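Residue-level listing of the chains:
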There are 2 protein chains.
Amino acid sequence: MMSGKPAQKVTNVDAVAVDDRSVASRLFAILDAFAAPAGATSLTLTLTAIAQRAGLPLSTTHRLVAEWVSWGGLSKHENGQYSLGMKLWELGVQTPTARNLRTIALPYLEDLYETTREHVHLAILDGRDALYLEKLSGHHVVRLISRVGARLPLHSTGVGLVLLAYAPTDVVQEYLATSLQRFLPRTVTEPEAVRKRLAEIRLMGIARMSEEMTAGSSSLAAPIRDRTGQVVAAVSIVTRTTDTVDPEQEQAVRLAAQGVSRALGYRRAQQ
Amino acid sequence: MMSGKPAQKVTNVDAVAVDDRSVASRLFAILDAFAAPAGATSLTLTLTAIAQRAGLPLSTTHRLVAEWVSWGGLSKHENGQYSLGMKLWELGVQTPTARNLRTIALPYLEDLYETTREHVHLAILDGRDALYLEKLSGHHVVRLISRVGARLPLHSTGVGLVLLAYAPTDVVQEYLATSLQRFLPRTVTEPEAVRKRLAEIRLMGIARMSEEMTAGSSSLAAPIRDRTGQVVAAVSIVTRTTDTVDPEQEQAVRLAAQGVSRALGYRRAQQ
DNA sequence: CAGGCGCTTCCGTCCAGTGGAAGTTCTTGG
DNA sequence: CCAAGAACTTCCACTGGACGGAAGCGCCTG
């Protein structure tokens, strides 16, 4: 504890904030470098690019990347580019929610796809986003923004709105406290209007969205409950927008959601 | 060890091999603790269990696990148990092979499932194993050992044998150099017999397996090629063993494999 | 209520990680 | 064809963060 003289020893001089991240967080920063952009296809990076994104010196990056590669978390391609490695995939699919929910839900999603021939989604609530666990699509030429692993907003997607409708009040509170992005003219962003929709969804047991995220497409989404009756996920189909409501499609989505819920151990509450 | 005087000051010294693993490899050892058992459902571990499996002191484990949790690679449950975290899943599904192959193949796998109503598998060659990338199953009660992310032997599964049939000769050489496990009486384990099968598969473009891994089930598998003509994956259906060969099923598997290959940019080589 | 087990926190020691710099390989363009 | 530059790899002396034994805490269980 130097007293008196204002610490001369500060050799490194000011401005050099020395980066007090732990080894672990540096390693993580490297992986995060691959995740960054939302819809991007980047997925492969050079060493220098990784160093930049992670904010690490090149030599440090070099060493740490080598550690990842030797474990299998990253893989190095002939051209010198790096990408996420199969080991991550292997561990990733072991994740309880992914493994259990997906395994149980998949057959019902397949049925839903077969009867409707529309894009089928399965998503859970994660933080402030709808996280897409599964997506079935057939040979459609139509591209959607969604893909497995994607995160989309809660207020502009069918699954998102369903998840929000059954979320704890404080989550809703917090979500609506921030300003919601308007993607298209029909996106509902006004907090009170959203609340009204949520109430309606709880009442109807289904969410109807139309042109709120992607022009020309609409969706129908329903909640999936586990044995405790809590809503843990949502299924949806995404269709081309039409003027008429198709009651059969609604029924199909409902059935799929009920099927999965039942498989999860949910027994319709008495009443 | 104790020699003479019960080593007083000799606090550490000899015998203590100090564990020269890097921080990174310790972090990885922690994740690997969750992967360990093949068909196990363990998936959640206590801190102590992690420490044991990873071979690390408790306090070190405690600190490193906390790092994983704060990043999202592990998650801590109310009961104090840990499991793999969603972050791993998110990064895992971004892995190029998983993302691209799966996305492209899925529609064809769905078609195959619809026409045959049998278990459908998609696998790639990884090291000495067939790694299962996708599995569609419907509501079958019949359980299979396979699941997404599973690794099964090359010589006793349909997809495995197909992958081996089109693998570089040195891979085949090396694989057959070790003794192959016999799961059932009909499992072919004799190297020369396997080679003969591989040749036959290359000739026929399809593999037929019968009761070589699981009693009562058979499979039909076909190769998937990329634009360079190289075999990069295999599709299969697993059926209950019957006496007769079903040419329609064979055709369906072939079509699915061809569909995926075409979608990957493969154009049937002239001749 | 004592004993045991598992988790968390603390802290002095010391060595593994750090990153600047030099060396090497690959690429570009004059 | 060679020079200049960019990207990658290796080296190594310094030092601050990781290490882990030990003590403290909280929760069961008999």
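Rules of the game
Residues numbered from 1 in each chain as written. Chains lettered and ligands numbered in written order. Predicted model: local features only at pLDDT ≥ 70, side-chain atom pairs only at ≥ 80, totals over all residues. Heavy atoms only, no water. Least-squares fit on C-alpha atoms with pLDDT ≥ 70 in both. Contact = heavy atoms within 4.5 Å. Pairing = 2+ DSSP bridges. Helix = DSSP H or I, 4+ residues; strand = E, 2+ residues; numbered from the N terminus. Axes fitted to C-alpha atoms, helices over the stretch in contact; angles between N-to-C directions. Buried < 20%, exposed > 50% of the residue type's maximum accessible area, 1.4 Å probe, protein only. Buried area = accessible area lost by both parts, 1.4 Å probe. Salt bridge = Lys/Arg side-chain N within 4 Å of Asp/Glu carboxyl O. Near = heavy atom within 4 Å. Polar contact = N/O pair within 3.5 Å; in protein donor to acceptor, adjacent residues only side chain to side chain. Nonpolar A, V, L, I, M, F, W, Y, C, P; charged D, E, K, R; others polar. Parallel < 35°, antiparallel > 145°, perpendicular 65-115°, else oblique. Phe/Tyr/Trp six-rings, centres within 6.5 Å; stacked < 30°, edge-to-face > 60°.

**Q** Just give me the short version of the relation of the copies chain A and chain B, but keep the residues and values in it.
**A** Each copy of the sequence occupies a distinct position, and chain A is placed on chain B by a rotation of 180 degrees and an axial shift of 0.0 Å, giving an RMSD of 0.1 Å. Read as a symmetry element, the transformation amounts to a two-fold axis. No C-alpha of chain A approaches the rotation axis more nearly than that of Gly92 of chain A, which lies at 2.6 Å. Of the residues that chain A buries at the interface, 100% are likewise interface residues in chain B, meaning the two copies contact each other through the same surface.

**Q** Any chance you could break down the sheet that holds strand β1 (residues 44-45) of chain A for me, citing the residues and the numbers?
**A** All names here are of chain A. Read from one edge of the open sheet, 3 strands run β1-β3-β2, paired in antiparallel fashion. Two strands bound the open sheet, and with one partner strand each, they are β1 and β2 (74-76). Judged from the 2 bridges that link them, β1 and strand β3 (residues 82-84) form a sheet pairing that is antiparallel. By the bridge assignment, Leu45 is partnered in β3 with Tyr82. Helix α1 (residues 23-35) rests against β1, β2 and β3 of the sheet, and its axis sits at about 90 degrees to β3.

**Q** Could you give an account of the environment of Ala256 of chain B, naming the residues involved and the relevant values?
**A** Residues and elements named next belong to chain B. Assignment of secondary structure puts Ala256 in helix α9 (residues 247-263). Look at Ala256 and you get buried, because its relative accessible area is 6%. Sequence-distant contacts of Ala256, that is, excluding residues within four places in its chain, are made with Tyr108 and Leu112.

**Q** Please give an account of the interface of chain A and chain B that cites residues and values.
**A** The partner chain B presents 56 residues to the 56 residues of chain A that form the contact. Each partner contributes to the roughly 4,900 Å² buried at the junction of chain A and chain B, and carbon and sulfur atoms together form 62% of this total. Three residues stand out in chain A for area buried against chain B, namely Phe28, Met86 and Trp89 of chain A, and they jointly supply 14% of the buried area on that side. Our enumeration of links across chain A and chain B arrives at 8 salt bridges.

**Q** Can you explain the protein's contact with DNA strand D? Please cite residues and give values.
**A** By nearness alone, 17 residues border DNA strand D, and Thr48 and Lys76 of chain A together with Ser59, Thr60 and Arg63 of chain B come closest of all. A distance of 2.8 Å separates a phosphate oxygen of DNA strand D from a polar side-chain atom of Lys76 of chain A. Within the contact set of DNA strand D, a phosphate oxygen lies 2.5 Å away from a side-chain nitrogen or oxygen of Thr60 of chain B. Those elements that provide at least two residues to the surface near DNA strand D are α2 (47-54) and α3 (58-71) of chain A together with α1 (23-35) and α3 (58-71) of chain B. Per-element accounting of the surface near DNA strand D gives the leading share, 4 residues, to α3 of chain B. Its residues placed into classes, the surface near DNA strand D shows 7 nonpolar, 7 polar and 3 charged.

**Q** So what's going on with the protein's contact with DNA strand C? Residues and values would help.
**A** Close contacts around DNA strand C come from 17 residues, with Thr60 and Arg63 of chain A together with Val23, Thr48 and Lys76 of chain B the closest. Of all atoms in DNA strand C that approach within 4 Å of the protein, 67% are sugar or phosphate atoms. Arg26 of chain A has a polar side-chain atom sitting 3.2 Å from a phosphate oxygen of DNA strand C. Here Ser59 of chain A contributes a side-chain N or O atom positioned 3.1 Å from a base nitrogen of DNA strand C. Elements represented by at least two residues in the surface near DNA strand C include exactly α1 and α3 of chain A together with α2 (47-54) and α3 of chain B. Of all the elements, α3 of chain A adds the most residues to the surface near DNA strand C, at 4 residues. Class assignment for the residues of the surface near DNA strand C results in 7 nonpolar, 7 polar and 3 charged.

**Q** Lay out the pairing of strand β4 (residues 119-126) of chain A in plain terms, naming residues and giving numbers.
**A** All names here are of chain A. By the criterion of burial, β4 is predominantly enclosed, with 6 of the 8 residues buried. Where β4 lies against strand β9 (residues 231-240), 5 bridges are found, and the strand directions are antiparallel. Paired with His119 across the strands is Val238, a residue of β9. Here β4 runs beside strand β5 (residues 129-136); their pairing, made up of 7 bridges, is antiparallel. Residue pairing for β5: Leu122 is matched across the bridge by Glu134.

**Q** So, the pattern of salt bridges: which residues are in play, and what are the values?
**A** Residues and elements named next belong to chain B. Applying the stated criterion across every chain, the model contains 22 salt bridges over all chains. A salt bridge links Arg102 to Glu134, with the shortest nitrogen-to-oxygen separation between them at 2.4 Å. Of this pair, Arg102 sits in helix α5 (residues 96-116) while Glu134 is found in strand β5 (residues 129-136), placing the two residues 32 residues apart along the sequence. For the pair Arg102 and Glu134, a shared accessibility class is recorded, and that class is buried.

**Q** Before we move on, can you summarise the packing of α2 of chain B against α3 of chain B with the specific residues and values?
**A** Residue and element names in this part refer to chain B. It is at 9 Å that the axes of α2 and α3 come closest, and there the two elements cross at 110 degrees. Compared by their axis directions, α2 and α3 come out roughly perpendicular. Of α3, the residues touching α2 (which contributes Leu47, Thr48, Ile50 and Ala51) are Leu58, Thr61, His62 and Val65. Across the contact of α2 with α3, the residue classes tally to 5 nonpolar, 3 polar and no charged.

**Q** A description of the packing of aromatic side chains should follow, citing residues and the corresponding values.
**A** In total, this model carries 6 aromatic pairs over all chains according to the counting rule given. Seen in terms of ring centroids, Trp68 of chain A and Phe28 of chain B are 4.8 Å apart; in terms of plane orientation they differ by 45 degrees. Their pairing is tilted. Of this pair, Trp68 of chain A sits in helix α3 while Phe28 of chain B sits in helix α1, each in a different chain. Taken together, a centroid distance of 5.9 Å and an interplanar angle of 55 degrees make the contact between Trp68 of chain B and Trp71 of chain B tilted. With Trp68 of chain B and Trp71 of chain B both in helix α3 and 3 residues apart, the pair spans about one turn of that helix. For the pair formed by Trp68 of chain B and Trp71 of chain B, the shared burial category is buried. Ring-pair connections join several aromatic residues into one group, and the members of that group are Phe28 of chain A together with Trp68 and Trp71 of chain B.

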